[in-house]
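The primary structure of each chain is shown beneath.
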Amino acid sequence: MTLNEIAKKMCAKGKGILAADESTGTIAKRFKSINVENVEKNRLSFRQTLFNSSAMKDFIGGVILFDETIRQKTTQGPSIPELISKHGAVPGIKVDKGAKLLAGSIDETVTEGLDGLRERLREYYELGARFTKWRAVYKITDKSPSSQSIKSNAHALARYAALVQEAKMVPIIEPEVLMDGSHNIDKCYQVTTNVLNECYNELEIHKVDLKGTVLKPNMVIPGSGCKDKSSTKEIANKTLDCLRKNVPADVPSIAFLSGGQSEIEASKNLNEINKINDSNFLITFSYGRGLQASALKEFGKNQENIENIQKAFNHRARMNGLSSKGEWSEDLEKEFAA
Ligand code: 13P
C-alpha cells in the first residue's frame, strides 16, 4: 500500500482512529479516577478488551499504541498489532517522548524525541506499525503561544514527519491548541491558524509528501473557562473554515483529538462539521477520552465484565462512525444506548 492509501484507509468514511497511546503516566491518571491499580496486567487487560470488541471491524480504521503495548502479546496468543490488523485496522505508534520545558521560555514546551528516532522507527515497522503520532502542545494565555514555541514545535514535527516517511510509515501530525483557559472561540481560531501555517511551512521545507500524512488538529472551540459558549453550528463553521484556509488540499485525512470535550460533545461537533464538509478532506475522529471514557468507567466497576466494557466502547465507536458521515443524531444516540 502507498502512504496515501494507508492515510485514507485509517480515516475511511464511517471509521476513525482509536487513540489508545496513553503513556504510563497518563494512563495512571485515568486508572486513578476509577480506582484501578496502574500495572502492566491491567493496562493489557483494558486495551485487549477494547481491541477485541466487535466495533473494531466496522468503525475503527487505525489504533495508536504506546511503546509498551505494541510489544505485548494478547492472552489469546497473537501480538497486539496482529489482533488490530486482523480486524482490518492499521496499527500505529506514538513516537514522541513528550512535551518538555522549552529553554528560554517561562512555561511553554517543545516536544522531544528526534534523537535516535530513525532507529526506533525501523523497529516499530518490524513490530507491525504502519503509521506514527507526534503531538505538539500549545497553551493560550496573554503571552502564549509565543513564536518561539510555534516555530520550534513546527520544526520538530516536520523533521519527525520526514523521518517517518523515509521509514515507509504515515506520520500523524498533531499540533494541539489546548482548551484550557478563558479565551473565546475567535482567539482559538487565530492561534490555530498561526500554528497550522507554521507547521505546513516547515513540512514543505522538509519535503514531506502531504498526500501521505494525516493531520490531527484541535477543533476551533472556546476555552473551557470562557463565559461565551458557542453553538455546535458556530464551532463547526469556524473549524471547517480554519481548516479549508490553512490545510493544503493535498492532505487526504483530518482526524480530530477530543481534547477534554465530553463524549457526546465530541460526537456532536464532529457530526456537525461533517454535515457541512464540502471539502475533499476525509474528516473523522482520533479520540482518546472521547472514545474510551464510558468503557473506562465500566472497567472500574468490574474488570471482569468484558461484555459491559465492550458494550460501552462499541456504542461510542458506532456513534463516532456515524458522526464521520454526518449521520449522528441525539435520537440515534438514545436509541442505540438503550
Ligand atoms: P484525546 O482525544 O483524549 O484528546 O486524546 C487524543 C490524543 O491522542 C492526544 O494526543
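Every value quoted in this text rests on a predicted model; they were computed, and no experiment measured them.

Enquirer: Help me out: how do you make sense of the overall build of the chain in this one?
Expert: Across its full length, the chain carries 14 helices and 10 strands. Against the globule reference of 20 Å for 338 residues, the chain gives a C-alpha radius of gyration of 19 Å, in line with a compact fold. The principal-axis extent of the C-alpha atoms belonging to the chain is close to 50 × 45 × 40 Å. The buried share of the chain, reckoned over its 338 residues, is 58%.

Enquirer: Can you walk me through empty space enclosed by the protein in this structure?
Expert: One simple way to see leftover space: roll a probe sized like a water molecule over the atoms. This model, assessed by the stated rule, comprises 1 cavity of 30 Å³ or more. Space inside the largest cavity adds up to approximately 70 Å³. The residue inventory of the lining of the largest cavity, partitioned by class, reads 7 nonpolar, 4 polar and 1 charged.

Enquirer: Would you take a moment to explain the site of the ligand for this structure?
Expert: The immediate surroundings of the ligand are formed by 13 residues, with Lys-133, Lys-216, Ser-258, Gly-259 and Arg-289 found nearest. Between an oxygen atom of the ligand and a side-chain N or O atom of Ser-258, the distance comes to 2.5 Å. At 2.8 Å, a backbone N or O of Gly-288 approaches an oxygen atom of the ligand. Sorting the residues of the shell around the ligand by element identifies strand E6 (131–138) and strand E10 (282–287) as the ones contributing at least two each.

Enquirer: I would appreciate a short explanation of the pattern of salt bridges in the present structure.
Expert: One side chain can pair with another of opposite charge once the charged atoms of both are near each other. Summed over the entire model, instances satisfying the criterion amount to 22 salt bridges. In this structure, the salt-bridge partner of Lys-238 is Asp-186, at a minimum N-O distance of 3.0 Å. In this pair, Lys-238 is assigned in helix H10 (residues 232–246) and Asp-186 in helix H9 (residues 185–205), connecting sequence segments 52 residues apart. One salt bridge connects Lys-211 with Asp-250, and the closest N-O pair in it is separated by 3.8 Å. Of this pair, Lys-211 sits in the loop between H9 and strand E8 (214–215) while Asp-250 sits in the loop between H10 and strand E9 (253–256), and the two are 39 residues apart along the sequence. The exposure class of Lys-211 is partly exposed, given its relative accessible area of 40%. Three or more residues are tied together by salt bridges with common partners; here these are Asp-21, Lys-94, Lys-133, Arg-135, Glu-174 and Glu-176.

Definitions and limits used
- Residues numbered from 1 in each chain as written.
- Predicted model: local features only at pLDDT ≥ 70, side-chain atom pairs only at ≥ 80, totals over all residues.
- Heavy atoms only, no water.
- Helix = DSSP H or I, 4+ residues; strand = E, 2+ residues; numbered from the N terminus.
- Rg over C-alpha atoms; globule rule 2.2 N^0.38 Å.
- Buried < 20%, exposed > 50% of the residue type's maximum accessible area, 1.4 Å probe, protein only.
- 1 Å grid on protein atoms, 1.4 Å probe; cavity = no way out; pocket = protein on both sides within 12 Å on 5 of 7 lines; lining within 4 Å.
- Points joined across faces, edges and corners; volume = space filled by probe spheres on them.
- Nonpolar A, V, L, I, M, F, W, Y, C, P; charged D, E, K, R; others polar.
- Near = heavy atom within 4 Å.
- Polar contact = N/O pair within 3.5 Å; in protein donor to acceptor, adjacent residues only side chain to side chain.
- Salt bridge = Lys/Arg side-chain N within 4 Å of Asp/Glu carboxyl O.

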